[in-house]
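Geometric and topological summary
These are the residues of each chain, in order.
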Amino acid sequence: MFTENHWIVISVFLFVLLAMYLLRNKLSTRVNRRFEIGIALSLILFEIAFQLWIIITGKWDVSFALPLDLSSISVMLVIILLLTHHHSVFEIVFLVGIAGALQAVFTPVLSFDFPHFRFFHFFYSHILVIWTVFYFRWYKGFNISLFSIAKAMVFLNVLFPFIYALNIIVGGNYWFLMRKPTGGSLLDFLGTHPWYILGMEVTAILFFFLLWLVFAEKGKFVKHEKSFKE
(Lines give C-alpha, C1' and ligand atoms only; values in the text may rest on other atoms or scores of the structure.)
Protein backbone atom coordinates (compact mmCIF):
# COMPACT_ATOMS: atom_id res chain seq x y z
CA MET A 1 0.00 0.00 0.00
CA PHE A 2 1.21 3.48 -1.05
CA THR A 3 4.22 2.16 -2.92
CA GLU A 4 5.26 3.83 -6.17
CA ASN A 5 3.21 1.38 -8.24
CA HIS A 6 0.19 1.89 -6.04
CA TRP A 7 0.39 5.67 -6.47
CA ILE A 8 0.63 5.22 -10.25
CA VAL A 9 -2.56 3.14 -10.21
CA ILE A 10 -4.35 5.72 -8.07
CA SER A 11 -3.21 8.52 -10.41
CA VAL A 12 -4.44 6.69 -13.54
CA PHE A 13 -7.73 5.86 -11.84
CA LEU A 14 -8.38 9.47 -10.82
CA PHE A 15 -7.19 10.92 -14.14
CA VAL A 16 -9.56 8.77 -16.19
CA LEU A 17 -12.43 9.45 -13.78
CA LEU A 18 -11.82 13.19 -14.06
CA ALA A 19 -11.62 12.97 -17.86
CA MET A 20 -14.93 11.06 -17.93
CA TYR A 21 -16.55 13.82 -15.91
CA LEU A 22 -15.12 16.70 -17.95
CA LEU A 23 -16.08 15.07 -21.25
CA ARG A 24 -19.53 13.90 -20.14
CA ASN A 25 -21.33 16.52 -22.28
CA LYS A 26 -18.99 16.37 -25.29
CA LEU A 27 -18.94 12.69 -26.18
CA SER A 28 -21.77 10.80 -27.81
CA THR A 29 -24.41 9.42 -25.48
CA ARG A 30 -25.37 6.66 -27.90
CA VAL A 31 -25.21 3.19 -26.39
CA ASN A 32 -22.13 1.44 -27.71
CA ARG A 33 -23.07 -2.20 -27.26
CA ARG A 34 -19.76 -3.54 -28.55
CA PHE A 35 -17.89 -1.46 -26.00
CA GLU A 36 -20.16 -2.52 -23.14
CA ILE A 37 -20.13 -6.20 -24.07
CA GLY A 38 -16.35 -6.05 -24.49
CA ILE A 39 -15.90 -4.65 -20.97
CA ALA A 40 -18.26 -7.30 -19.58
CA LEU A 41 -16.36 -10.09 -21.34
CA SER A 42 -13.02 -8.73 -20.10
CA LEU A 43 -14.26 -8.85 -16.51
CA ILE A 44 -15.51 -12.41 -17.00
CA LEU A 45 -12.21 -13.51 -18.55
CA PHE A 46 -10.17 -11.88 -15.78
CA GLU A 47 -12.21 -13.73 -13.14
CA ILE A 48 -11.84 -17.05 -14.99
CA ALA A 49 -8.10 -16.43 -15.32
CA PHE A 50 -7.87 -15.66 -11.60
CA GLN A 51 -9.67 -18.87 -10.67
CA LEU A 52 -7.42 -20.88 -13.00
CA TRP A 53 -4.32 -19.23 -11.54
CA ILE A 54 -5.13 -20.10 -7.94
CA ILE A 55 -6.08 -23.65 -8.98
CA ILE A 56 -2.88 -24.20 -11.00
CA THR A 57 -0.69 -22.77 -8.24
CA GLY A 58 -2.39 -24.98 -5.65
CA LYS A 59 -3.72 -22.03 -3.67
CA TRP A 60 -7.45 -22.56 -4.24
CA ASP A 61 -9.43 -23.04 -1.07
CA VAL A 62 -13.12 -22.70 -0.39
CA SER A 63 -12.39 -20.44 2.58
CA PHE A 64 -11.37 -17.52 0.34
CA ALA A 65 -11.53 -18.36 -3.38
CA LEU A 66 -15.28 -18.29 -3.98
CA PRO A 67 -16.38 -15.11 -5.80
CA LEU A 68 -18.53 -14.05 -2.85
CA ASP A 69 -16.62 -11.13 -1.40
CA LEU A 70 -18.26 -7.76 -1.96
CA SER A 71 -15.81 -6.84 -4.68
CA SER A 72 -16.57 -10.00 -6.68
CA ILE A 73 -20.30 -9.52 -6.17
CA SER A 74 -19.94 -5.94 -7.42
CA VAL A 75 -18.08 -7.19 -10.49
CA MET A 76 -20.90 -9.66 -11.20
CA LEU A 77 -23.47 -6.89 -10.82
CA VAL A 78 -21.49 -4.64 -13.17
CA ILE A 79 -21.39 -7.44 -15.76
CA ILE A 80 -25.17 -7.82 -15.46
CA LEU A 81 -25.59 -4.04 -15.71
CA LEU A 82 -23.46 -3.85 -18.87
CA LEU A 83 -25.42 -6.66 -20.51
CA THR A 84 -28.95 -5.74 -19.40
CA HIS A 85 -29.03 -2.00 -18.50
CA HIS A 86 -31.27 -2.93 -15.56
CA HIS A 87 -31.81 0.17 -13.46
CA SER A 88 -32.22 -1.58 -10.11
CA VAL A 89 -28.90 -3.31 -10.66
CA PHE A 90 -27.35 0.10 -11.35
CA GLU A 91 -28.77 1.54 -8.12
CA ILE A 92 -27.30 -1.27 -6.02
CA VAL A 93 -23.92 -1.48 -7.69
CA PHE A 94 -23.49 2.31 -7.80
CA LEU A 95 -23.71 2.44 -4.02
CA VAL A 96 -22.28 -0.93 -2.98
CA GLY A 97 -19.70 -1.07 -5.76
CA ILE A 98 -18.25 2.40 -5.21
CA ALA A 99 -18.12 1.91 -1.43
CA GLY A 100 -16.22 -1.37 -1.67
CA ALA A 101 -14.06 -0.62 -4.70
CA LEU A 102 -12.85 2.75 -3.39
CA GLN A 103 -11.59 1.13 -0.21
CA ALA A 104 -9.89 -1.60 -2.28
CA VAL A 105 -8.19 0.90 -4.61
CA PHE A 106 -6.89 3.16 -1.84
CA THR A 107 -6.21 0.50 0.84
CA PRO A 108 -5.61 -2.72 -1.15
CA VAL A 109 -5.36 -6.08 0.60
CA LEU A 110 -2.83 -7.43 -1.89
CA SER A 111 0.32 -9.54 -1.61
CA PHE A 112 1.60 -9.17 -5.19
CA ASP A 113 3.12 -6.11 -6.83
CA PHE A 114 3.50 -5.04 -10.47
CA PRO A 115 3.83 -6.80 -12.92
CA HIS A 116 2.23 -9.89 -11.32
CA PHE A 117 -1.08 -11.09 -12.81
CA ARG A 118 -2.84 -10.70 -9.48
CA PHE A 119 -1.82 -7.03 -9.37
CA PHE A 120 -3.54 -6.40 -12.71
CA HIS A 121 -6.57 -8.53 -11.84
CA PHE A 122 -7.09 -6.81 -8.49
CA PHE A 123 -6.93 -3.22 -9.70
CA TYR A 124 -8.57 -3.81 -13.09
CA SER A 125 -11.68 -5.40 -11.57
CA HIS A 126 -12.08 -2.84 -8.79
CA ILE A 127 -11.40 0.21 -10.94
CA LEU A 128 -13.70 -1.01 -13.74
CA VAL A 129 -16.55 -1.22 -11.24
CA ILE A 130 -16.21 2.49 -10.47
CA TRP A 131 -15.59 3.62 -14.04
CA THR A 132 -18.57 1.60 -15.29
CA VAL A 133 -21.12 2.94 -12.81
CA PHE A 134 -20.04 6.51 -13.56
CA TYR A 135 -20.25 5.73 -17.26
CA PHE A 136 -23.90 4.83 -16.72
CA ARG A 137 -24.44 7.83 -14.46
CA TRP A 138 -22.81 10.50 -16.61
CA TYR A 139 -23.20 9.12 -20.12
CA LYS A 140 -26.41 7.09 -19.97
CA GLY A 141 -28.41 9.28 -17.61
CA PHE A 142 -29.06 6.62 -14.97
CA ASN A 143 -29.92 8.12 -11.59
CA ILE A 144 -30.13 7.15 -7.92
CA SER A 145 -32.69 8.23 -5.34
CA LEU A 146 -33.07 7.98 -1.58
CA PHE A 147 -34.97 4.75 -2.22
CA SER A 148 -31.80 3.41 -3.85
CA ILE A 149 -30.12 3.54 -0.44
CA ALA A 150 -32.88 1.33 0.98
CA LYS A 151 -32.48 -1.10 -1.92
CA ALA A 152 -28.74 -1.35 -1.38
CA MET A 153 -29.08 -1.92 2.37
CA VAL A 154 -31.76 -4.58 1.88
CA PHE A 155 -29.52 -6.27 -0.71
CA LEU A 156 -26.58 -6.35 1.72
CA ASN A 157 -28.59 -7.49 4.72
CA VAL A 158 -30.39 -10.25 2.82
CA LEU A 159 -27.00 -11.67 1.81
CA PHE A 160 -25.40 -11.05 5.22
CA PRO A 161 -26.67 -14.14 7.13
CA PHE A 162 -25.74 -16.46 4.25
CA ILE A 163 -22.21 -15.04 4.02
CA TYR A 164 -21.82 -15.19 7.80
CA ALA A 165 -23.00 -18.81 7.92
CA LEU A 166 -20.66 -19.72 5.04
CA ASN A 167 -17.74 -18.19 6.93
CA ILE A 168 -18.50 -20.37 9.92
CA ILE A 169 -18.85 -23.51 7.80
CA VAL A 170 -15.70 -23.10 5.69
CA GLY A 171 -13.57 -21.09 8.12
CA GLY A 172 -13.56 -18.11 5.78
CA ASN A 173 -13.57 -14.36 6.19
CA TYR A 174 -15.79 -13.22 3.33
CA TRP A 175 -16.86 -9.58 3.72
CA PHE A 176 -14.31 -9.42 6.59
CA LEU A 177 -17.11 -10.47 8.92
CA MET A 178 -14.91 -12.69 11.10
CA ARG A 179 -11.81 -10.52 11.40
CA LYS A 180 -10.27 -7.38 9.95
CA PRO A 181 -7.84 -7.57 7.01
CA THR A 182 -4.18 -7.62 7.93
CA GLY A 183 -2.01 -4.69 6.92
CA GLY A 184 -4.47 -1.99 7.90
CA SER A 185 -7.75 -0.78 6.42
CA LEU A 186 -10.60 1.62 7.10
CA LEU A 187 -12.12 -1.04 9.37
CA ASP A 188 -9.43 -0.25 11.93
CA PHE A 189 -11.40 2.89 12.81
CA LEU A 190 -14.63 0.99 13.53
CA GLY A 191 -13.76 -0.80 16.75
CA THR A 192 -13.18 -4.44 17.63
CA HIS A 193 -14.94 -7.60 16.45
CA PRO A 194 -17.91 -8.02 16.29
CA TRP A 195 -18.79 -4.37 16.92
CA TYR A 196 -17.11 -3.15 13.77
CA ILE A 197 -19.76 -5.07 11.79
CA LEU A 198 -22.37 -2.68 13.19
CA GLY A 199 -19.94 0.11 12.39
CA MET A 200 -19.82 -1.09 8.79
CA GLU A 201 -23.64 -0.93 8.61
CA VAL A 202 -23.72 2.65 9.89
CA THR A 203 -20.79 3.66 7.69
CA ALA A 204 -22.50 2.13 4.65
CA ILE A 205 -25.68 4.14 5.23
CA LEU A 206 -23.72 7.37 5.72
CA PHE A 207 -21.52 6.75 2.68
CA PHE A 208 -24.53 5.83 0.50
CA PHE A 209 -26.26 9.03 1.61
CA LEU A 210 -23.13 11.03 0.76
CA LEU A 211 -23.04 9.46 -2.72
CA TRP A 212 -26.69 10.43 -3.18
CA LEU A 213 -25.99 14.00 -2.08
CA VAL A 214 -23.04 14.40 -4.45
CA PHE A 215 -24.06 12.45 -7.55
CA ALA A 216 -27.86 12.14 -7.67
CA GLU A 217 -30.00 14.38 -9.84
CA LYS A 218 -32.37 15.63 -7.17
CA GLY A 219 -36.07 15.44 -7.85
CA LYS A 220 -35.60 12.78 -10.51
CA PHE A 221 -36.86 9.50 -9.11
CA VAL A 222 -38.08 7.82 -12.28
CA LYS A 223 -35.61 5.32 -13.66
CA HIS A 224 -33.86 6.26 -16.86
CA GLU A 225 -33.22 3.40 -19.24
CA LYS A 226 -32.16 3.82 -22.84
CA SER A 227 -32.96 1.52 -25.71
CA PHE A 228 -30.13 -0.54 -27.15
CA LYS A 229 -31.35 0.63 -30.58
CA GLU A 230 -30.58 4.29 -29.98
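Structure report, in brief. (Residues numbered from 1 in each chain as written. Predicted model: local features only at pLDDT ≥ 70, side-chain atom pairs only at ≥ 80, totals over all residues. Heavy atoms only, no water.)

On to the overall build of the protein chain. Along its length, the protein chain carries seven helices and zero strands. Taken from the N to the C terminus, the helices and strands of the protein chain come in the order α-α-α-α-α-α-α. Across the 230 residues in the protein chain, those meeting the buried criterion constitute 42%. (Helix = DSSP H or I, 4+ residues; strand = E, 2+ residues; numbered from the N terminus. Buried < 20%, exposed > 50% of the residue type's maximum accessible area, 1.4 Å probe, protein only.)

Bringing the packing of helix H1 (residues 4-22) against helix H5 (residues 117-138) into the picture now. Packed helices, taken two at a time, are described by their axes: the angle between them and the distance between them. The geometry of H1 relative to H5 is characterised by a closest axis approach of 10 Å and an angle of 15 degrees between their N-to-C directions. In terms of orientation, H1 lies roughly parallel with respect to H5. Where H1 crosses over H5, the handedness of that crossing is right-handed. Contact with H1, carried on its side by Asn 5, His 6, Val 9, Val 12, Phe 13, Val 16, Leu 17, Met 20 and Tyr 21, involves Phe 119, Phe 123, Ile 127, Ile 130, Trp 131, Phe 134, Tyr 135 and Trp 138 of H5 and no other residues of that element. Broken down by class, the residue content of the contact of H1 with H5 amounts to 15 nonpolar, two polar and no charged. (Axes fitted to C-alpha atoms, helices over the stretch in contact; angles between N-to-C directions. Parallel < 35°, antiparallel > 145°, perpendicular 65-115°, else oblique. Left-handed = near helix turned anticlockwise from the far one by under 90°. Contact = heavy atoms within 4.5 Å. Nonpolar A, V, L, I, M, F, W, Y, C, P; charged D, E, K, R; others polar.)

Take the side chain of Asn 173 next. If you trace the backbone, Asn 173 turns up in the loop between helix H6 (146-170) and helix H7 (195-215). Only 2.9 Å separates the side chain of Asn 173 from the backbone nitrogen of Met 178, close enough to count as a polar contact. Among all residues touching Asn 173, those that are not within four sequence positions of it are Ser 63, Asn 167, Met 178 and Arg 179. (Polar contact = N/O pair within 3.5 Å; in protein donor to acceptor, adjacent residues only side chain to side chain.)

Taken as a whole and judged by the stated rule, the model has 25 aromatic pairs. Taken together, a centroid distance of 6.2 Å and an interplanar angle of 10 degrees make the contact between Phe 46 and Phe 117 stacked. One end of the pair, Phe 46, is in helix H2 (residues 33-56); the other, Phe 117, is in helix H5, with 71 residues separating them in the sequence. Look at Phe 46 and you get partly exposed, because its relative accessible area is 23%. Among the residues examined, Phe 117 registers a relative accessible area of 27% and is labelled partly exposed. (Phe/Tyr/Trp six-rings, centres within 6.5 Å; stacked < 30°, edge-to-face > 60°.)

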